[in-house]
Amino acid sequence: MLRRPRTSTAKAVNYNDMDSEMSFSVTASSDEDIEEWKPPEPKPKALTKTGRDQTAGEKKAPAKRTAKPKVPKEPKPPKAPKVPKEPKPRVPRKPAAERKTQAAKVQKGSGARGLAGTKRKKSDEDDKLGEDKGEKQTDCPEVETAEESGPSIRMKEERVSFIVSEACQADRCAGEGSSLTGLKAKKEEVEEDFTFDEPCQKKQKTSGVGLGQPTALPSSLAQALRNELNMNWELIEVLSVLTCVERWVCVNIITLLREENTVPFMVRYRKDMINHMDADAVRDVQLIYEELCSLAKKTKSVIQTLKKDGVLTDELEQDLRNCRSTDELDHVYSPYKKGSKLTKARRAKALGLEEAACALMEKPHTLDLRAWVKTGTEGLSSVEDVATGVEHILADMIAKDPETLTYVKTLCENSSVTIQSSVSKSALKEKEQDKSVQGQKKPGAQQNKNKDIDKFHLYFDFTSNIQRIQPHQTLAINRGESLKILTVKVNIPDRVKNDFTRWCINNRWRPKTFAREELNIIIKNAVEDSYKRLVLPFLTRSYRNKLTSAAEKESIAMFVRNLRQRLLVCPIRGCVIMGVDPGFRHGCKLAVLSPTSQIIHTDVVYLHNSGQQREADKLRHLMIKYGCTRVVIGNGTACRETESFFADLISRRYFHPLDVSYCITSEAGASIYSVSPEAVKEMPDLDPNLRSAVSIGRRVQDPLAELVKIDPKHIGIGTYQHDVSAGALKAALDGVVQECVSFVGVDINICSETLMRHVAGLNAGRAKNIAEWREQNGPFINREQLKLVKGMGPKTFQQCAGFIRINPQTSARSSPHPGPAVPEKPAAKKAKGKTGVNIPTSFNPLDQTCIHPESYHVAQRFLSIVDGSADQIGSAALQQCVESKVRSSSIEELARTVDTTPETLKLIIDGLTQPPGFDIRQNFGQADFKRGIVSMSDLRVGAVLTGRVDNTALFGAFVDIGVGRAGLIHKSNITLDKLPVSQRRRSLALGPGERVEVRVLNVDAQRGRIGLDLIRVLQ
């Protein structure tokens, strides 16, 4: 949905995306073209005055408006949203040429807006907000808590972003929902400094992809959606505009979601239908789809409420059904809410002055205000009262007119709208009281309150353009405001008011015929009153809501990226590990774990009291007895001292002949997990403190299997988790956990019930049923046996089967009677409708691959073409056969031969050629084990070190350099020239687990802060 090139001087720019195989072209306008004003593009927010069958970017013909007093508007049939409804009573517009001349100074570009947060696009100059670089670590009040994070690793397939010219950023999406008005990036020079920006979600390509895919909804689905939504806009069109995804892809995603398909299943096995979108992109579409459905449901509820109250009119109902965002709906509905005072306009209408207001706009020469005077009636007792009532009605009409709101938003977009925060009077008063009692002992609560106030010192006098404010700054300001420490306001320039007033009086709200001077004064007063009392508060609320929504979505996206990389850290296999939960008073808890994570031994040692030599001997005895060469220390209390103790023993070769090394890992959530029902069930006879040591060790042995047991918000990733929607955060994090578990795959015969419930298509109940079946009947021999499990219907099997592995090594360890277990099961399931299930009893080699059972017949055909067999899966011989066949024939040709899609064939080839037991995490980094220790006092400015990214925030990346405190690379120091080519277009330059080379910029030992500069990313 790209705009077609304008007739002015322009140059075409082509962009090619290497990672996502996407290419598209846009048109970058010249500077002269940028300054030229163009009538606003049709917006999703506007009422149905725009022909929705126009393609985005085409100029619409201005429709003349004829005011019709007292004539109610024709209600628009809900099934024909493209038919424009009859307008409200209003003045006819001037010819297009005349309007264009009067508004020539208004900049073009009002067509690229969307739901708050769908684009997450900011300026590349966000890192230059006038803050002192030395204080950049304190941008976020929670910067210290954000530093505590453990090792992680980056995803292979991260979405890429594009740095494009100013004009093409505005043109990339052909028009988005107006709920992001004002958040569009300013037209400015693109800098080379890389920042943590995420532009508008990519436009997916259609050329050569999805041949034969529907370009319109199937009639049955379209009818169902219309009946469900009953709005005056088309769902697919709005969804496509807001997400910048092609219509046919939106159609397929909605169809798949309504068929209860999970996101991992869609991303892996329905690539052709979703145009190779990644999981994050599909979830974005799903989120917007759910928001639109929620909006339609809320609109229906509001209409029913108003109808019950007897205030619903046809015109009001159409206004409600035209709303495309919650902000619009609230704006239209707020005057009619129960409990709210009767608005001035409604009081005036109750007096019958609406007819006079319509006459003022339509036939002002016939209006005599004195005829409306009724002595003794409040509100009509004088000409002045009548004039005031007419002003209120006109002000209300102006504030609710979509075209007027569109125009004022356009003015704001092209003006410097700023958000300003300052310290509140109550906070100042508390600080003054604190100073007056400095000599007295303050209670703890008062000390904490003063500490909270000091956290926000950066925002005591803070001003930023709303287009440049950073997400973490928005969240910090919101928190300060909720704590009554800060006061916040949005500053809209007076020029907007002046231009708005002039436009309303001379254009939109100009009487049709000659009006006397006193009537013109009424119109002028109505416009000014509407702007000050109604429009300005609406704009302020709208800006704050959009900024907050965008910041929340960016913060949640940061959580998602960090969690994914934390979960996909490569496991440490094949060695005995000792987990250590450090402590002073109660000692250090130890847990020795076998290579398969079984608990061999647990103990407590007191390393920081007297008798250290005795405890060291005890450690050496345990290490040598169990052949333990890896020690994992939690990063909590006494971590530094425990690390120093082990480093000293290692340096003295105390554990000889063992070559012992240690690593530090995050213990966030370990204490919570140790007292959880899952931990009690798994380790019933173990003390909770020892369970923490077990969890710490297993986090390095198999991070994914262990971390899924803990609520993601307790893992210690991201920032501002308490300032974003708890429901949205939980849904996003649960989604990425499901994605990671599914894409890695689980061995159904050895995985825990907790891990199993996160597989796509499964839940706690089905996982429990699978575990019970496994206990009663022994290991699963093939995937088909899953159909014998209670609650495993065809849809559930379809969703989970491809992510479940049946490995021959684990399926061979069967119970004493593996044979009869399968035949006996159908008889046991007779009452549950499983009598007709015919399940094979032999092992299928394809069950250990990522190939879905629905494609087994295709895989067999392909194997026959390459002269291979299923028993050769993962062997070098089969790899050579497949490679030679692919070289001689293209993937597309082979796909036609075996009657499947190229995407499915590529997946089959991967499954056949990957070695048995293949793990996608094996190509990612592992935890760093070391043998020595460096302290913060050893650091010098200019020193070059290597480290691993611990955590990333919206303002930079925290790096563990082995000194006990993570250093911060501010995002202004993460520039394109320091990144590998593969990462230069990623939305997030660095992620947890990546190894980097850094230079020390500054060391603040008193505050425990280290400033770093990125030199390069280590491959």
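Residues numbered from 1 in each chain as written. Predicted model: local features only at pLDDT ≥ 70, side-chain atom pairs only at ≥ 80, totals over all residues. Heavy atoms only, no water.

### Overview of the overall build of the chain
Next up, step 1: For the chain, the count of helices and strands is 37 helices and 17 strands.
Next up, step 2: Residues classed as buried in the chain amount to 56% of the 1019 residues present.
Next up, step 3: Contacts spanning at least 24 positions in sequence make up 76% of the contacts within the chain whose residues lie at least 6 apart.
Next up, step 4: For the chain, the accessible surface area stands at approximately 43300 Å², while carbon and sulfur atoms represent 50% of it. (Helix = DSSP H or I, 4+ residues; strand = E, 2+ residues; numbered from the N terminus. Buried < 20%, exposed > 50% of the residue type's maximum accessible area, 1.4 Å probe, protein only. Contact = heavy atoms within 4.5 Å. Areas by Shrake-Rupley, 256 points an atom, 1.4 Å probe, with all protein chains shown as cover.)

### A word on the sheet that holds strand β15 (residues 966-970)
Next up, step 1: Within the closed barrel, the five strands sit side by side as β13-β14-β15-β17-β16. Their pairing is mixed. Across the sheet, the mean angle separating the axes of adjacent strands is 50 degrees when strand polarity is ignored.
Next up, step 2: As paired strands, strand β13 (residues 944-953) and strand β16 (residues 995-1004) are joined by five bridges and run antiparallel to one another. Pairing of G947 across the sheet is with V996, part of β16. (Pairing = 2+ DSSP bridges. Axes fitted to C-alpha atoms, helices over the stretch in contact; angles between N-to-C directions.)

### A short note on the pattern of salt bridges
Next up, step 1: Across all of its chains, the model carries 38 salt bridges by this definition.
Next up, step 2: For E753, the salt bridge goes to K681, with nearest N and O atoms at 3.5 Å. One end of the pair, E753, is in helix α29 (residues 753-756); the other, K681, is in helix α25 (residues 677-682), with 72 residues separating them in the sequence.
Next up, step 3: Overlapping salt bridges, with partners in common, bring together D280, R283, R564 and E739 in one network. (Salt bridge = Lys/Arg side-chain N within 4 Å of Asp/Glu carboxyl O.)

### Structural notes on the sheet that holds strand β9 (residues 628-634)
Next up, step 1: Strand order in this open sheet of five strands is β8-β7-β6-β9-β10, and the pairing throughout is mixed. With partners counted over all chains shown, the strands left at the sheet margins are β8 (599-605) and β10 (661-665), one partner each. Strand after strand, the sheet turns through a mean of 20 degrees between neighbouring axes, direction not considered.
Next up, step 2: Bridge count between β9 and β10: five bridges; the pairing is parallel. If you follow V632 over to β10, its bridge partner there is C663.
Next up, step 3: Relative to strand β7 (residues 588-593), helix α26 (residues 688-701) is tilted by about 50 degrees, and along the sheet it contacts β6 (576-581), β7, β8, β9 and β10.

### A look at helix α30 (residues 764-777)
An α-helical turn contains 3.6 residues, so a residue and the one three or four places further along point in the same direction.
Next up, step 1: The end-to-end C-alpha distance of α30, which contains 14 residues, comes to 20 Å, matching closely the 20 Å that a straight helix rising 1.5 Å per residue would cover.
Next up, step 2: N-capping of α30 is provided by N763, with a side-chain oxygen placed 3.2 Å from the backbone N of G765.
Next up, step 3: Once α30 ends, the next one or two residues include G778, with phi positive near 85 degrees. (Expected span 1.5 Å × (residues − 1). Polar contact = N/O pair within 3.5 Å; in protein donor to acceptor, adjacent residues only side chain to side chain.)

### Here's the deal with the packing of aromatic side chains
Next up, step 1: In the structure shown here, the tally under the stated rule is ten aromatic pairs.
Next up, step 2: Plain terms: the ring middles of F645 and F646 are 6.4 Å apart, the flat faces sit at 80 degrees to each other, and that makes the pair edge-to-face. F646 matches F645 in its accessibility class, with the two residues each being buried.
Next up, step 3: Plain terms: the ring middles of W773 and F780 are 4.5 Å apart, the flat faces sit at 20 degrees to each other, and that makes the pair stacked. (Phe/Tyr/Trp six-rings, centres within 6.5 Å; stacked < 30°, edge-to-face > 60°.)

### Things to note about helix α20 (residues 494-508)
Next up, step 1: Taking 1.5 Å of rise per residue, 15 residues should cover 21 Å, and α20 covers 20 Å from first to last C-alpha, within 8% of that figure.
Next up, step 2: Residues of α20 that are buried include every one of V496, D499, F500, T501, W503, C504, N507 and R508, and no others.

### Thoughts on the packing of helix α19 (residues 471-482) against helix α21 (residues 517-567)
Next up, step 1: One way to put it is that α19 packs onto α21 with a least axis distance of 8 Å and a crossing angle of 115 degrees. Crossing geometry of α19 relative to α21 is assigned as left-handed. Mapping the contact onto sequence places P471, T474, L475, N478 and E481 in α19 and R544, L547, T548, A551, E552, E554 and S555 in α21.
Next up, step 2: Along the lines of polarity and charge, the residues of the contact of α19 with α21 split into four nonpolar, four polar and four charged. (Left-handed = near helix turned anticlockwise from the far one by under 90°. Nonpolar A, V, L, I, M, F, W, Y, C, P; charged D, E, K, R; others polar.)

### Observations concerning the confidence of the model for the chain
Next up, step 1: When pLDDT is averaged along the chain, the result is 75; 72% of the residues meet or exceed 70.
Next up, step 2: Contacts for the low-pLDDT stretch residues 1-212, under 50 throughout, to residues beyond four places or in other chains number 579 contacts.
Next up, step 3: Note on residues 814-833: pLDDT under 50 across the span, and 22 contacts to partners over four residues away in sequence or across chains. (pLDDT = per-residue confidence, 0-100.)

### Some words on the pairing of β7
Sheet faces and side chains relate simply in a regular strand, where the side chains alternate between the two faces.
Next up, step 1: With six of six residues buried, β7 lies mostly within the body of the structure.
Next up, step 2: Burial along β7 is two-sided: C588, L590 and V592 facing one way and K589, A591 and L593 facing the other are all buried.
Next up, step 3: The loop that links β6 with its antiparallel partner β7 comprises six residues; one of these, G587, has a positive phi angle of about 80 degrees.
Next up, step 4: As paired elements, β7 and β8 share six bridges and run antiparallel to each other. By the bridge assignment, C588 is partnered in β8 with V605.

### Some words on unusual backbone geometry
Next up, step 1: Cis geometry is found at the peptide bond from H656 to P657, where omega equals 15 degrees.
Next up, step 2: The phi dihedral of C244 is positive, around 60 degrees, even though this residue is not glycine.
Next up, step 3: Locating C244 in the fold gives a position in the loop between α6 (235-243) and α7 (247-258).
Next up, step 4: Exposure remark for C244: the relative accessible area of 1% places this residue in the buried category.
Next up, step 5: In this structure, K484 is a non-glycine residue whose phi angle is positive, near 60 degrees.
Next up, step 6: Here K484 lies in the loop between α19 and β5 (486-491).
Next up, step 7: You can call K484 exposed: its relative accessible area is 59%.

### Details of the nonpolar core
Next up, step 1: Counting residues in each nonpolar core, the largest one holds 162 residues, and the members touching the most others are M277, L394, I492, F500 and I770.
Next up, step 2: Looking at this core element by element, the count peaks at 17 residues for α21.
Next up, step 3: Apart from the residues lying within four places of it in its own chain, the contact partners of I770 are I748, M756, L762, F780, L786, V789 and M792.
Next up, step 4: Core analysis: the second largest hydrophobic core is formed by 26 residues, V576, V592, M623 and A647 among them. (Core = buried A, V, L, I, M, F, W, Y, C linked by side-chain atoms within 4.5 Å.)

### Brief notes about the environment of L593
Next up, step 1: Its location among the elements puts L593 in strand β7.
Next up, step 2: Separated by 105 residues in the primary sequence, L593 and R698 place their C-alpha atoms 7.9 Å from one another.
Next up, step 3: Once residues lying within four places of it in the same chain are set aside, the contact partners of L593 are V576, I577, Q598, I599, I600, V694, G697, R698 and Q701.

### Describing the pairing of β6
Next up, step 1: Within β6, six of the six residues are buried, leaving the element largely enclosed by the surrounding structure.
Next up, step 2: Burial of β6 is two-sided: the residues V576, M578 and V580 facing one way and the residues I577, G579 and D581 facing the other way are all buried.
Next up, step 3: Alignment of β6 against β9, held across five bridges, turns out to be parallel. Among the inter-strand pairings, V580 is bridged to a residue of β9, identified as I633.

### Brief notes about the environment of S661
Next up, step 1: By the secondary structure assignment, S661 is in strand β10.
Next up, step 2: By relative accessible area, S661 is classed as buried at 2%.
Next up, step 3: Considering only alpha carbons, one finds S661 and I650, eleven residues apart in sequence, at a separation of 7.5 Å.

### So, the side chain of R921
Next up, step 1: Within the secondary structure layout, R921 lies in the loop between α37 (902-913) and β13.
Next up, step 2: Here the side chain of R921 touches D702 through a polar contact of 2.8 Å, side chain to side chain.
Next up, step 3: Among all residues touching R921, those that are not within four sequence positions of it are L567, L568, V569, C570, P571, R573, D702, L704 and V744.

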